[in-house]
Structure formats: structure tokens, C-alpha cells
Amino acid sequence: MDFFLQFWQGIPPWLQILATNLMWVIAIIVPLMLGVAYLTFAERKIIGYMQMRIGPNRVGPRGWLQPIADGIKLMLKEIIVPTNANKYLFVLAPVLAIAPSLAAWAVIPFNDGWALAKIDAGLLYILAMTSLGVYGVIIAGWASNSKYALLGAMRAAAQIVSYEIAMGFALVGVLMSAGSLNLHNIVMQQAGGAHYWYVLPLFPLFLVYFISGVAETNRAPFDVAEGESEIVAGFHVEYSGMAFAVFFLAEYANMILIATLTAVMFLGGWLSPLPASWIPDIPVLSLILGDGIHWLLVKISSVLFFFLWFRATFPRYRYDQIMRLGWKVFIPVTLVWILVEGVAMFLTPWGYLFH
Amino acid sequence: MMSFQHIVFFAFSAILVFAATMVVTIRNPVKAALYLVLSFFTAAALWILLQAEFLAIILVLVYVGAVMVLFLFVVMMLDVNLARLREGFGEYLAIGLLVAVLLLLEMILILSSGDFGTAHMTAPAALAADESNTRALGILLYTDYLYTFEIAGLVLLVAIVAAIALAMRKRKDTKFQDPSKQVRVNRDDRVRIVKMKSGK
């Protein structure tokens, strides 16, 4: 132990910073990738049971090794680059899809003080990073030199830009309540028990944010960008093997990201739903009922369950109805609620409801 | 001795100049738009280096995340004829060169006049570690520059209304649904039960 301490103090400070940050990155990415793998498994199992099937149950005990087998299969498959495709952009597109969805995790607070970067404009950074994800889709569609892929990319571009506005407005409501763009401060403003969480005063914004999040990740029922009954597989129709798998990883990493953000901004992040005075002072029980990362994981999992439930339940939206929902329903709803919130906070004595 | 900041600055500047040059020289319009995205992104990185994190993130959010996506959307739909694009290059070359040389001369004249440079500007005081760029900008915008800000907002609103008024036209032969009517429909509006005598 002493030897390691001396070794650590012996290396230059910039190398220390680099090493700590690298450890942080690994500590975030590895559980995230495992989460993605088992989210695909959970999806197949849950949708299976909802449709009175069993789902994957052959690989390993009760099918638990299925995602590993899928991963190995995808890695061993050949990557086919279509003729006349733009080779550089074709390879670049999956990278551009996954990079922002991983980069956004840098500012997520997992527990009190557990974040890779505690930047002040964290909320804006998240918005900027999630808005970059669309480039992977657009470039994939264009570089594939395929009509179906291009159609899928066009649909994705229009849809994501439209829903980003509603999403941004929903977050404006959150930052008005919290008075900060820092995600850690946003969570701490919701301290004191479940009745302080922003999901109650900002319920319309919560709904808009969550549904826009489903649309942003191109998940059912908003998955027109890859609607298989209309345009085969949309933007990634020409991709195979690992290149396809990277798109797949990006989609599921984005789902987990949206679920985490919903938990952080509306459901109190890592905070326990019980007020501090209700938690008994018994060793194990106080740890379980008190604040901690396990509450964040529970919240993320419950939000993710809704993603899967939606997919099993709703039929796909028609394209013009998606546009109508985004522009004519969500944006007015958010604007009205921001107005209500602003008036209540500054002109009426009920402002405390929104804090 | 170059510090780490110098290395970062020169690296990003080199990428920015390269990307900006590619935007105007590359033939394929989609690739030109993608290089423009790269130059916006690099400019944002340079702003972060100046501790202007709000401006940098807004640049990425608005220009890279929204404006350029729509730009690519349009450019990808265009059927660009490269041969026609190259037509008339020789005609405009002389005028273009003249303008470029003039601009260069003007820049050299102004920048070498001795009125610019670090000697005339004191370095700004270092920011506190918890200094919030966003908060400072917000307070300025809503107090000192409130009227300018409101007028800018009004101008943008007028622009939105004008764009919609110019582009919107009602076609009589378009079929469309009214979703609120569809939701309000009753069983009696759609179903008519006809009593029929059963045949033997």
C-alpha cells in the first residue's frame, strides 16, 4: 500500500489527472456497456412475457448469456461496404452516433459528488451532446448510397430537430425551478422527500420531456427512421456486423441516458423518496432507505421499463402525426406551463410550490 | 516554452483553418456542409479555451445541433450538377482574386498600424473557480441590455411570422384530418344498426 502511495506521488501531476479521469471514464463506460447488453436481454424477455411468450431461454441458465452470444456473433460477422458508398463517411457514421451518447455521461451526477466533470452549464452540455447524435444517422443514410437509408435519415433529421425544441423548453421549466444549470444543484434542490421532486409541480413538462426523449432516441412508437414495414431498416439498412452493432449500442446507450436524465431532473436523482426524518437509525436499513446510487439505479430501471412497455403496446405513429404532436401539441404545452410557472413564482404567493 | 494551452490552441486553430478552407474548396456540397460542422465544433473548442463555456455550448447546440442539420437536410435533397457548378470559374477568378488581395491589404494595413496587440489591452483578471459564465450573461441580458434583448426577440418573432406567412398556402384539394374531431367521434356517428328480417 505504501509503495503504491509513493509511486502515485512520484508521477507528474498532469499524469495523475489523466489517470484519475481515465479511471472515471472506465468506471462509467464498462457498467454502461454491460447495462446496454442486459437492456437488450430485458427488452426481449419483457416484451416476450407481454406477448405470452418466454423470450430467449437457451444460452446459459434461463438465457442469461444471450447478450454475450449476440455480441460475439455480431463481432464475427463480415462488414459489407456497399459499392459506390462513401467509404470514409460510411465508417465514420457509427462512430459519430455513439460518441455523443457516451460523451454526455461526463456530467451526470451518480451520487453526492460522483461526477466526472462538475461543469456549471451541465444541462446545456447535455442538450448539445444529445443534439449531436443525429449526425450519425444522417451521415449513415447519405453515405450508404441507398434510397431507403436516405429516406430514413431524412425522417430522423426532421423528427429529432422538431422534438429537440419541446425537450429544450421542458428543461427550461426545470432550470427555472432549480435556478441552476448544474445537474448536481438541480438534484439537491429536490431534497426533502418525494413530494419535493419536480415531477409533481412540473408534471406536464415531465410528460413532454419523457415522450420527446422516446422520440429523440428513435424508439417505438416514434421509430419511423427505421420503420421496417415501410423502408426496410431505415438509415442502417446497409450496415452489417460490428458497424450495425455500434448503432445498436448507441441507441440503447441513448435510452439509458434519457432515463437517467429523467431520473435526475424530475425524480430526484440519487435522493431517497423518504424524508430524512422518517429513516430509522438502524445500520443496514438506514443505508438502504437513505440517499444513494441505488435509488438512481431503481429510478433509471423503472423509466427504462416504460420504454419497453411502449414498444410492446403502441403501434407506430404516422409521419405527419409525429410532426403534429411535436409542433402543435408539445411546444404549446411547454410554453403555457413555463408561463404558469413564471407567473406563479414572481406574481403570486404560490411560488414556493415550484421550488 | 509552449504551455499545454498553446499546444491546444494551435492544434484547434490548425483544424479550424483546414476545415474552413475545405468548406470553400471541396466540390461535394454535402462534404462542404460537414466540414462547416467541423469548423463550428473547433471554434466552440477554442471558446472553451477562453473560458466562454456558455457561448461554446450554445454554438454547438444551435449551429451544429439544429441549423446545420437542416442545412444538410436540404443539401442532401438537391440534385447538384458538378459540371454546371464549375462553369464560369475562369470568368470570376480575376474579380475574386482582386477582392481577396484588397481584403488582405486592408487587414495588413489595419493590423500593422500599431493600435492592436496585447500592449493595448490589459489581460482580464482571472475568473474565480466558481464563476458562472451563464449567470453573468443572464444577469447582463435581463438588466443592462433588457431593451436590446427584447427588441431582438421581437425582430425574431416578426421573422418567424413573416416566414410562415410567405410559405403557407392553403390548397383546396389537400385531404387532411382533424385529430380533435376524430377523438370526439361517437359510436352513433359511425355505426348504424339496420334491422333485417331473417330469411327462412
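Just so it is clear, the model here is predicted, and its values are computed rather than measured.

1. Regarding the overall build of chain B
Reasoning step 1: The helix and strand inventory of chain B stands at nine helices and zero strands.
Reasoning step 2: Seen in sequence order, chain B has helices and strands lined up from the N terminus as α-α-α-α-α-α-α-α-α.
Reasoning step 3: The C-alpha radius of gyration of chain B comes to 28 Å, more than 25% above the 16 Å expected for a compact globule of 200 residues.
Reasoning step 4: A principal-axis box enclosing the C-alpha atoms of chain B has dimensions of 110 × 55 × 35 Å.
Reasoning step 5: Scored against the burial criterion, the 200 residues of chain B give a buried share of 14%.
Reasoning step 6: Considering only intrachain contacts with a sequence separation of at least 6, the fraction spanning at least 24 residues in chain B is 53%.
Reasoning step 7: In the structure as shown, chain B presents an accessible area of about 16,800 Å², 69% of it carried by carbon and sulfur atoms.
Reasoning step 8: In chain B, which carries 18 positive and 14 negative side-chain charges, the distance between the mean positions of the two groups comes to 28 Å.

2. A closer look at helix α2 (residues 13-50) of chain A
Residue and element names in this part refer to chain A.
Reasoning step 1: A rise of 1.5 Å per residue sets the reference length of α2, with its 38 residues, at 56 Å; its end C-alpha atoms lie 54 Å apart and thus fit the reference within 8%.
Reasoning step 2: What α2 keeps buried is the set Ile28, Leu32, Val36, Leu39, Thr40, Phe41, Glu43, Lys45, Ile47 and Gly48.
Reasoning step 3: Met52 occupies a position one or two residues after α2 and carries a positive phi of about 60°.

3. Observations concerning the packing of helix α6 (residues 134-143) of chain A against helix α7 (residues 147-178) of chain A
Residues and elements named next belong to chain A.
Reasoning step 1: Running from amino to carboxyl end, α6 crosses α7 at an angle of 155°, the nearest separation of the two axes being 7 Å. Regarding the angle of α6 to α7, the classification is roughly antiparallel. The two elements α6 and α7 meet at a crossing, and its hand is left-handed. Residues Val134, Val137, Ile138, Gly141 and Trp142 of α6 form the contact with α7, whose participating residues are Ala149, Leu150, Ala153, Ala156, Ala157 and Ile160.
Reasoning step 2: Residues belonging to the contact of α6 with α7 are distributed by class as follows: 10 nonpolar, one polar and no charged.

4. A closer look at the domain arrangement of chain B
Reasoning step 1: Segmenting chain B into domains produces domain 1 (1-81) and domain 2 (131-169).
Reasoning step 2: Its C-alpha centre places domain 1 of chain B at a distance of 24 Å from the equivalent point of domain 2 of chain B.

5. Thoughts on the nonpolar core
Residues and elements named next belong to chain A.
Reasoning step 1: Counting 114 residues, the largest nonpolar core has Tyr135, Tyr209, Met265 and Phe266 as its most contacted members.
Reasoning step 2: The element best represented in this core is helix α11 (residues 241-266), accounting for 16 residues.
Reasoning step 3: Among all residues touching Phe266, those that are not within four sequence positions of it are Val174, Gln190, Trp197, Tyr198, Val199, Leu202, Leu205, Phe206, Tyr209 and Leu261.

6. With respect to the interface of chain A and chain B
Reasoning step 1: Listed per partner, the contact involves 26 residues of chain A and 26 residues of chain B.
Reasoning step 2: Of the roughly 2,200 Å² buried between chain A and chain B on both sides combined, carbon and sulfur atoms contribute 76%.
Reasoning step 3: The three residues of chain A that bury the most area against chain B are A:Tyr135, A:Trp142 and A:Met154, which together make up 27% of that side's buried surface.
Reasoning step 4: Joining chain A to chain B, the criterion identifies zero salt bridges.
Reasoning step 5: Applying the counting criterion to the chain A and chain B interface returns two residue pairs in polar contact (both at pLDDT 80 or more).
Reasoning step 6: Among the elements of the structure, α5 (122-132), α6, α7 and α14 (319-347) of chain A are those that each provide at least two residues to the side of chain A that touches chain B.

7. Here's the deal with the side chain of A:Glu216
All names here are of chain A.
Reasoning step 1: Structurally, Glu216 is set in helix α9 (residues 203-216).
Reasoning step 2: Lacking a salt bridge, the buried Glu216 has Arg219 as its closest oppositely charged neighbour, with an N-O distance of 14 Å.
Reasoning step 3: Excluding residues that lie within four positions of it along the chain, Glu216 makes contacts with Thr130, Ile160, Tyr163, Glu164 and Met167.

8. Observations regarding the packing of helix α2 (residues 29-49) of chain B against helix α3 (residues 53-77) of chain B
Residues and elements named next belong to chain B.
Reasoning step 1: Axis separation between α2 and α3 bottoms out at 9 Å; the angle between their running directions is 180°. With respect to their mutual orientation, α2 and α3 come out roughly antiparallel. Contact residues: α2 offers Pro29, Val30, Ala33, Leu34, Leu36, Val37, Phe40, Phe41, Ala43, Ala44, Trp47 and Ile48, while α3 offers Leu55, Ala56, Leu59, Val60, Tyr63, Val64, Met68, Leu72, Val75 and Met76.
Reasoning step 2: Split by residue class, the contact of α2 with α3 holds 22 nonpolar, no polar and no charged.

9. Notes on the side chain of A:Ser272
Reasoning step 1: Within the fold, A:Ser272 resides in the loop between α11 and α12 (283-289).
Reasoning step 2: In contact with A:Ser272, other than residues within four places in its own chain, are A:Gly193, A:Trp197, A:Ile279, A:Leu289, A:Gly290, A:Asp291 and A:Trp295.

10. What about the pattern of salt bridges?
If the charged atoms of two oppositely charged side chains come close together, the side chains can form a pair.
Residues and elements named next belong to chain A.
Reasoning step 1: For the coordinates displayed, the defined rule picks out seven salt bridges over all chains.
Reasoning step 2: Residue Asp70 pairs with Arg44 through a salt bridge whose shortest N-O separation is 3.0 Å. Here the residue Asp70 occupies a position in helix α3 (residues 66-76), and Arg44 occupies one in helix α2, the gap between them amounting to 26 residues.
Reasoning step 3: Residue Arg316 is joined to Asp223 by a salt bridge in which the shortest nitrogen-to-oxygen separation is 2.8 Å. Highlighted residues: Arg316 in the loop between α13 (293-313) and α14 and Asp223 in the loop between α9 and α10 (228-231), separated in sequence by 93 residues.
Reasoning step 4: Residue Asp223 is classed as buried on the basis of its relative accessible area, which comes to 12%.
Reasoning step 5: One connected set of salt bridges, linked through shared partners, spans Glu43, Arg219, Glu251 and Arg311.

Analysis parameters
Residues numbered from 1 in each chain as written. Chains lettered and ligands numbered in written order. Predicted model: local features only at pLDDT ≥ 70, side-chain atom pairs only at ≥ 80, totals over all residues. Heavy atoms only, no water. Helix = DSSP H or I, 4+ residues; strand = E, 2+ residues; numbered from the N terminus. Rg over C-alpha atoms; globule rule 2.2 N^0.38 Å. Buried < 20%, exposed > 50% of the residue type's maximum accessible area, 1.4 Å probe, protein only. Contact = heavy atoms within 4.5 Å. Areas by Shrake-Rupley, 256 points an atom, 1.4 Å probe, with all protein chains shown as cover. Lys, Arg positive; Asp, Glu negative; His and termini not counted. Charge placed at Lys NZ, Arg CZ, Asp CG, Glu CD. Expected span 1.5 Å × (residues − 1). Axes fitted to C-alpha atoms, helices over the stretch in contact; angles between N-to-C directions. Parallel < 35°, antiparallel > 145°, perpendicular 65-115°, else oblique. Left-handed = near helix turned anticlockwise from the far one by under 90°. Nonpolar A, V, L, I, M, F, W, Y, C, P; charged D, E, K, R; others polar. Domains from an automatic or database assignment. Core = buried A, V, L, I, M, F, W, Y, C linked by side-chain atoms within 4.5 Å. Buried area = accessible area lost by both parts, 1.4 Å probe. Salt bridge = Lys/Arg side-chain N within 4 Å of Asp/Glu carboxyl O. Polar contact = N/O pair within 3.5 Å; in protein donor to acceptor, adjacent residues only side chain to side chain.

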